[in-house]
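Structure at a glance
Letter by letter, the chains look like this.
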Amino acid sequence: MTVRVVLADDQPLVRAALRMVIADAPDLDVAGEAATGADAVRLAADADVVVMDLRMPGMDGIEATRRIAARPGGPHVVVLTTFDDDDHVFGALHAGAAGFLVKDMALDDILAAIRVVAAGDGLIAPGVTRRLIARLAGSPARLASAASARGLTGVTGREREVLTLVGQGMNNSEIAAELHLSVATVKTYVTRLLTKLDARDRVQLVIIAYETGLVAPGTGP
């Protein structure tokens, strides 16, 4: 099945670069391009994944992400950022973004990330993971749920292994290969972890993995 992608960025050159590389991918198709957040929200109805810049005129990427993520069964939003303003990234985190990428990633890596998110997996670029944890460590406004402060009561040994690898930035396929499990089994473990730890998404699982000591700063990707 072809993944329909909407490119939302106010820089025409960024959209053009992504459009050209997507054109060579038989499983991806550009369903629309948006230079503003409002246009992204409008075009999202025809998309499976929206690649969202955060700084755009009018409605910014954070508000656009919030509106798109609020739609039941709506597309996944992948934030593509230069990371020059951490506050914008945290805003997108609250808004419900399913992934965070940086613009200096290789284009092929961005395409791979689009596929991962389209399949229902969250994804955080390693550099974004490190910055998130560095910013959140010791912050009074933590994004992890209260469950992380209570530890990992009720989490099985295998679930701890999965959570550790999630915290290291691995996607479900990579975790499956590491633990010699099927991808479907890993998805089941991730779903259980989201429920047990009262975490909204994979990003919060990463933070919980650090806050509970399963992954130490400097040991992640």
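The name an unreviewed UniProt entry gives the protein is Response regulator transcription factor, with Actinomadura vinacea as the organism.

1. Notes on the pairing of strand S3 (residues 49-52)
Residues Val49 and Val51 of S3 are buried on one face, and the alternating residues Val50 and Met52, pointing to the opposite face, are buried as well. As paired strands, S3 and strand S4 (residues 76-81) are joined by four bridges and run parallel to one another. Note that in S4 the partner of Met52 across the bridge is Val79. Crossover S3 to S4 through helix H3 (residues 61-69) is right-handed.

2. Re helix H5 (residues 107-118)
With twelve residues, H5 should reach 16 Å at 1.5 Å per residue; the first-to-last C-alpha distance of 17 Å fits that figure. Residues Ile110, Leu111, Ala113, Ile114, Val116 and Val117 constitute the buried set of H5. Immediately beyond the C-terminal end of H5, within one or two residues, lies Gly120, with a positive phi of roughly 100°.

3. Remarks on the packing of helix H8 (residues 157-167) against helix H10 (residues 183-196)
Direction vectors running N to C along H8 and H10 enclose 90°, while the axes themselves pass 10 Å from each other. Taken together, the axes of H8 and H10 lie roughly perpendicular to each other. Residue-level contacts link Arg158, Glu159, Val162, Leu163 and Val166 of H8 to Tyr189, Val190, Arg192, Leu193 and Lys196 of H10. Counted by class, the contact of H8 with H10 contains six nonpolar, no polar and four charged residues.

4. Describing the UniProt feature "modified residue: 4-aspartylphosphate" (unreviewed entry) in the protein
The UniProt feature table records "modified residue: 4-aspartylphosphate" (unreviewed entry) at Asp53. Counting through the fold element by element, Asp53 comes out in the loop between S3 and H3. Setting aside residues no more than four positions away along its own chain, Asp53 makes contact with Ala8, Asp9, Asp10, Gly61, Leu80 and Lys103.

5. Observations regarding the pairing of strand S1 (residues 3-8)
Most of S1 is tucked away: five of the six residues are buried. Of the strand pairs in this sheet, S1 and strand S2 (residues 28-34) are connected by six bridges, and their pairing is parallel. The residue of S2 that forms the bridge with Val6 is Gly32. A crossover links S1 with its parallel partner S2, the connecting element being helix H1 (residues 12-23), and its sense is right-handed.

Quick notes on the rules
Residues numbered from 1 in each chain as written. Predicted model: local features only at pLDDT ≥ 70, side-chain atom pairs only at ≥ 80, totals over all residues. Heavy atoms only, no water. Buried < 20%, exposed > 50% of the residue type's maximum accessible area, 1.4 Å probe, protein only. Helix = DSSP H or I, 4+ residues; strand = E, 2+ residues; numbered from the N terminus. Pairing = 2+ DSSP bridges. Right-handed = clockwise from strand over helix to strand, strands pointing away. Expected span 1.5 Å × (residues − 1). Axes fitted to C-alpha atoms, helices over the stretch in contact; angles between N-to-C directions. Parallel < 35°, antiparallel > 145°, perpendicular 65-115°, else oblique. Contact = heavy atoms within 4.5 Å. Nonpolar A, V, L, I, M, F, W, Y, C, P; charged D, E, K, R; others polar. UniProt positions renumbered as here; feature names shortened; annotations may be inferred.

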